[in-house]
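# Report on the structure
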Amino acid sequence: MTLTDNDKAHVKSIWAHVCSHPEEFGAEALYRMFVAYPTSKTYFPHYDMHAGSEQIRAHGKKVVTALSDAVAHLDNIGGALAKLSDLHAQKLRVDPVNFRYLAQCLLVTIAAHCRGQLTPEILVSLDKFLTLCGKILTSKYR
Ligand code: HNI
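Reference entry: report on the structure contained in this document. As a convention, each chain's residues are numbered from 1 in the sequence order in which they are written. Residue-level local features of this predicted model are given only where pLDDT is at least 70; pairs of side-chain atoms are given and counted only at 80 or more, and the full residue set underlies all totals for whole chains, interfaces and linings. In computing side-chain properties, one takes all heavy atoms of the structure into account and sets aside hydrogens as well as water.

So, on to the coordination of the nickel atom of the ligand. Coordinating donors are taken as N, O and S atoms within 2.8 Å of the metal, stretched to 3.2 Å for Na, K and Ca; because water is absent from the atoms, sites can appear incomplete. Of the protein atoms, His-88 (NE2) alone serves as a donor to the nickel atom of the ligand, at 2.2 Å. Counting from the N terminus, the helices are DSSP H or I runs at least four residues long and the strands are E runs at least two residues long. If you trace the backbone, His-88 turns up in helix α5 (residues 82-92).

Given below as C-alpha coordinates:
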(Lines give C-alpha, C1' and ligand atoms only; values in the text may rest on other atoms or scores of the structure.)
Protein backbone atom coordinates (compact mmCIF):
# COMPACT_ATOMS: atom_id res chain seq x y z
CA MET A 1 0.00 0.00 0.00
CA THR A 2 1.30 3.47 -0.85
CA LEU A 3 0.07 6.92 -0.02
CA THR A 4 -0.72 9.18 -2.96
CA ASP A 5 0.23 12.86 -2.92
CA ASN A 6 -3.41 13.53 -2.16
CA ASP A 7 -3.33 11.16 0.83
CA LYS A 8 -0.18 12.85 2.13
CA ALA A 9 -1.78 16.30 1.94
CA HIS A 10 -4.89 15.00 3.73
CA VAL A 11 -2.90 13.36 6.52
CA LYS A 12 -0.79 16.49 7.07
CA SER A 13 -3.83 18.75 7.22
CA ILE A 14 -5.73 16.71 9.83
CA TRP A 15 -2.59 15.86 11.82
CA ALA A 16 -1.92 19.58 12.36
CA HIS A 17 -4.81 19.45 14.87
CA VAL A 18 -3.71 16.20 16.49
CA CYS A 19 -0.05 17.06 16.99
CA SER A 20 -0.85 20.26 18.85
CA HIS A 21 -2.50 18.16 21.62
CA PRO A 22 -0.53 14.88 21.59
CA GLU A 23 -1.25 13.89 25.17
CA GLU A 24 -5.00 14.52 24.94
CA PHE A 25 -5.51 12.68 21.65
CA GLY A 26 -3.17 9.85 22.59
CA ALA A 27 -4.61 9.27 26.04
CA GLU A 28 -8.20 9.29 24.80
CA ALA A 29 -7.40 6.86 21.98
CA LEU A 30 -5.61 4.49 24.36
CA TYR A 31 -8.41 4.62 26.93
CA ARG A 32 -10.97 3.94 24.21
CA MET A 33 -8.92 0.93 23.07
CA PHE A 34 -8.69 -0.48 26.61
CA VAL A 35 -12.47 -0.15 27.10
CA ALA A 36 -13.61 -1.26 23.63
CA TYR A 37 -11.03 -4.05 23.23
CA PRO A 38 -10.24 -5.29 26.77
CA THR A 39 -7.72 -7.90 25.57
CA SER A 40 -5.43 -5.01 24.58
CA LYS A 41 -4.97 -4.33 28.31
CA THR A 42 -2.90 -7.51 28.74
CA TYR A 43 0.18 -5.68 27.40
CA PHE A 44 -0.08 -3.03 30.11
CA PRO A 45 -0.41 -4.97 33.40
CA HIS A 46 1.62 -2.27 35.15
CA TYR A 47 -0.73 0.60 34.20
CA ASP A 48 -3.39 2.41 36.20
CA MET A 49 -6.31 1.86 33.79
CA HIS A 50 -8.47 4.77 34.90
CA ALA A 51 -9.34 7.37 32.26
CA GLY A 52 -6.70 10.09 32.26
CA SER A 53 -4.27 8.23 34.55
CA GLU A 54 -0.73 9.54 34.52
CA GLN A 55 0.55 6.43 32.72
CA ILE A 56 -2.13 6.52 30.04
CA ARG A 57 -1.44 10.20 29.42
CA ALA A 58 2.33 9.71 29.26
CA HIS A 59 2.06 6.73 26.95
CA GLY A 60 -0.59 8.39 24.77
CA LYS A 61 1.75 11.31 24.26
CA LYS A 62 4.58 8.96 23.22
CA VAL A 63 2.39 7.17 20.68
CA VAL A 64 1.10 10.38 19.06
CA THR A 65 4.59 11.91 19.05
CA ALA A 66 5.92 8.84 17.21
CA LEU A 67 3.09 9.13 14.68
CA SER A 68 3.86 12.85 14.27
CA ASP A 69 7.41 11.85 13.37
CA ALA A 70 5.98 9.49 10.74
CA VAL A 71 3.77 12.32 9.40
CA ALA A 72 6.89 14.48 9.12
CA HIS A 73 8.51 11.72 7.01
CA LEU A 74 5.65 10.50 4.83
CA ASP A 75 8.12 9.48 2.11
CA ASN A 76 10.07 7.29 4.52
CA ILE A 77 7.69 6.10 7.24
CA GLY A 78 9.67 2.85 7.54
CA GLY A 79 12.77 4.81 8.45
CA ALA A 80 10.93 7.04 10.91
CA LEU A 81 9.43 4.02 12.72
CA ALA A 82 12.40 1.63 12.37
CA LYS A 83 13.43 1.60 16.03
CA LEU A 84 9.85 1.19 17.21
CA SER A 85 9.39 -1.58 14.69
CA ASP A 86 12.27 -3.49 16.32
CA LEU A 87 10.89 -2.81 19.80
CA HIS A 88 7.36 -4.02 19.05
CA ALA A 89 8.51 -7.11 17.16
CA GLN A 90 11.39 -8.25 19.33
CA LYS A 91 10.52 -7.12 22.82
CA LEU A 92 6.85 -6.23 23.17
CA ARG A 93 5.46 -8.86 20.76
CA VAL A 94 2.06 -7.25 20.51
CA ASP A 95 -0.47 -9.31 18.53
CA PRO A 96 -0.85 -7.41 15.21
CA VAL A 97 -4.65 -7.26 15.56
CA ASN A 98 -4.13 -4.67 18.29
CA PHE A 99 -2.72 -2.17 15.80
CA ARG A 100 -6.07 -2.24 14.02
CA TYR A 101 -7.81 -1.60 17.35
CA LEU A 102 -5.62 1.37 18.16
CA ALA A 103 -5.99 2.82 14.67
CA GLN A 104 -9.79 2.51 14.99
CA CYS A 105 -9.75 4.27 18.35
CA LEU A 106 -7.50 7.05 17.06
CA LEU A 107 -9.92 7.61 14.18
CA VAL A 108 -12.89 7.78 16.55
CA THR A 109 -11.03 10.21 18.84
CA ILE A 110 -10.10 12.46 15.92
CA ALA A 111 -13.66 12.28 14.57
CA ALA A 112 -15.03 13.28 17.97
CA HIS A 113 -12.79 16.34 18.22
CA CYS A 114 -12.20 17.46 14.64
CA ARG A 115 -15.73 16.90 13.35
CA GLY A 116 -16.05 19.18 10.30
CA GLN A 117 -12.40 18.75 9.31
CA LEU A 118 -12.54 14.98 9.05
CA THR A 119 -14.20 14.74 5.65
CA PRO A 120 -14.84 11.26 4.18
CA GLU A 121 -11.86 11.77 1.84
CA ILE A 122 -9.52 12.72 4.70
CA LEU A 123 -10.80 9.78 6.76
CA VAL A 124 -9.83 7.36 3.98
CA SER A 125 -6.32 8.83 3.76
CA LEU A 126 -5.86 8.81 7.53
CA ASP A 127 -7.03 5.20 7.71
CA LYS A 128 -4.48 4.28 5.02
CA PHE A 129 -1.73 6.07 6.92
CA LEU A 130 -2.53 4.35 10.25
CA THR A 131 -2.82 0.96 8.54
CA LEU A 132 0.57 1.53 6.95
CA CYS A 133 2.13 2.44 10.31
CA GLY A 134 0.65 -0.73 11.84
CA LYS A 135 2.05 -2.82 8.98
CA ILE A 136 5.50 -1.29 9.48
CA LEU A 137 5.43 -1.80 13.26
CA THR A 138 4.60 -5.49 12.76
CA SER A 139 6.85 -6.06 9.74
CA LYS A 140 9.78 -7.50 11.68
CA TYR A 141 7.80 -10.25 13.42
CA ARG A 142 9.01 -13.76 12.76
NI1 HNI B 1 3.40 0.81 21.34
C2 HNI B 1 5.76 1.32 23.80
C3 HNI B 1 4.47 3.67 19.74
C4 HNI B 1 0.90 0.46 18.99
C5 HNI B 1 2.01 -1.75 23.18
N6 HNI B 1 4.85 2.22 21.69
C7 HNI B 1 5.69 2.26 22.77
C8 HNI B 1 6.51 3.45 22.70
C9 HNI B 1 6.13 4.13 21.57
C10 HNI B 1 5.08 3.34 20.93
C11 HNI B 1 6.68 5.45 21.04
C12 HNI B 1 7.58 3.89 23.70
C13 HNI B 1 8.89 3.33 23.23
C14 HNI B 1 10.03 3.68 24.15
O15 HNI B 1 9.81 3.95 25.34
O16 HNI B 1 11.17 3.65 23.67
N17 HNI B 1 2.81 1.85 19.67
C18 HNI B 1 3.41 2.98 19.15
C19 HNI B 1 2.75 3.35 17.92
C20 HNI B 1 1.75 2.44 17.72
C21 HNI B 1 1.78 1.50 18.83
C22 HNI B 1 3.15 4.53 17.05
C23 HNI B 1 0.74 2.34 16.62
C24 HNI B 1 0.29 3.36 15.96
N25 HNI B 1 1.79 -0.44 21.11
C26 HNI B 1 0.86 -0.39 20.10
C27 HNI B 1 -0.20 -1.35 20.34
C28 HNI B 1 0.10 -1.97 21.54
C29 HNI B 1 1.35 -1.39 22.01
C30 HNI B 1 -1.37 -1.58 19.42
C31 HNI B 1 -0.67 -3.02 22.28
C32 HNI B 1 -1.99 -3.04 22.38
N33 HNI B 1 3.83 -0.09 23.14
C34 HNI B 1 3.11 -1.11 23.72
C35 HNI B 1 3.68 -1.41 25.03
C36 HNI B 1 4.76 -0.52 25.21
C37 HNI B 1 4.83 0.29 24.01
C38 HNI B 1 3.20 -2.49 25.98
C39 HNI B 1 5.63 -0.38 26.46
C40 HNI B 1 4.87 0.61 27.35
C41 HNI B 1 5.38 0.80 28.75
O42 HNI B 1 5.07 1.85 29.33
O43 HNI B 1 6.02 -0.10 29.29
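What follows covers the site of the ligand. When at least one non-hydrogen atom of a residue lies within 4 Å of a molecule or strand, that residue is treated as near it. In the vicinity of the ligand lie 19 residues, with Tyr-43, His-46, Tyr-47, His-88 and Val-94 positioned nearest. The contact in question runs from an oxygen atom of the ligand to an N or O atom on the side chain of His-46, over 3.0 Å. Put simply, the parts of the chain that give the shell around the ligand at least two residues each are α3 (54-72), α5 and α6 (97-114). The biggest single contributor to the shell around the ligand is α3, with 5 residues. Just so you know the grouping, Ala, Val, Leu, Ile, Met, Phe, Trp, Tyr, Cys and Pro go in nonpolar, Asp, Glu, Lys and Arg go in charged, and all remaining residues, Gly too, go in polar. In the shell around the ligand, the residues fall into 14 nonpolar, 4 polar and 1 charged. Polar contact is the term for a pair of N or O atoms within 3.5 Å; when the atoms are in protein, one must be able to donate a hydrogen and the other to accept it, and sequence-neighboring residues count only if both atoms are side-chain atoms.

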